[in-house]
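# Residue-level structural notes
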Amino acid sequence: MSSESEWVVKYKLPGDQVRTPREIVVRAISQADAKKVAQAMIPSAIILGGPQPVR
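Residues numbered from 1 in each chain as written. Predicted model: local features only at pLDDT ≥ 70, side-chain atom pairs only at ≥ 80, totals over all residues. Heavy atoms only, no water.

Now for the overall build of the chain. Regarding its fold elements, the chain presents one helix and three strands. Ordered by position in the sequence, the α and β elements of the chain form the string β-β-α-β. Taken along its principal axes, the extent of the C-alpha atoms in the chain is 40 × 25 × 15 Å. Relative to its 55 residues, the chain shows a buried fraction of 24%. Counting only carbon and sulfur atoms, one obtains 52% of the accessible surface of the chain, whose full area is about 4100 Å². (Helix = DSSP H or I, 4+ residues; strand = E, 2+ residues; numbered from the N terminus. Buried < 20%, exposed > 50% of the residue type's maximum accessible area, 1.4 Å probe, protein only. Areas by Shrake-Rupley, 256 points an atom, 1.4 Å probe, with all protein chains shown as cover.)

So, about the environment of R19. When you line up the elements, R19 lands in the loop between β1 (5-12) and β2 (22-28). Judged by relative accessible area, R19 falls into the exposed class, the value being 85%. Taking C-alpha positions, R19 is 30 Å from I29, a pair spaced ten residues apart along the chain.

Turning our eyes to something else, we now look at the sheet that holds β2. Strands pair in a sheet through their backbones, by hydrogen bonds, and they do so in one of two ways: parallel or antiparallel. Ordered in space as β2-β1-β3, the three strands form an open sheet in which the pairing is antiparallel. Here the strands that pair on one side only, and so sit at the sheet edges, are β2 and β3 (46-53). Strand-to-strand twist across the sheet, computed as the mean angle between neighbouring axes with direction ignored, equals 30°. Examined bridge by bridge, β1 and β3 share five bridges and lie antiparallel to one another. Within β3, the position partnered with Y11 by the bridge is I47. (Pairing = 2+ DSSP bridges. Axes fitted to C-alpha atoms, helices over the stretch in contact; angles between N-to-C directions.)

Per the counting criterion, the structure on display carries four salt bridges. E4 is paired through a salt bridge with R27; the nearest N and O atoms lie 3.8 Å apart. With E4 in the segment before β1 and R27 in strand β2, this residue pair connects regions lying 23 residues apart in the sequence. For the salt bridge of E6 with R27, the shortest nitrogen-to-oxygen distance reads 3.7 Å. With E6 in strand β1 and R27 in strand β2, this pair connects stretches of sequence that are 21 residues apart. In the salt-bridge network here, residues are joined through shared partners; they are E4, E6 and R27. (Salt bridge = Lys/Arg side-chain N within 4 Å of Asp/Glu carboxyl O.)

Next comes the structure, spelled out in structure tokens:
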């Protein structure tokens, strides 16, 4: 049985003028699933890089 981990996903929204990306913490089984969860939560988001485990 796989357990979920917490992942930090960095993203920006269309029209954002800030240099630092926004972040959201999601719970998912894998890095790929974390990206899908974040995209589902914020459909207009542009995901930057890959999700990182919460430290």
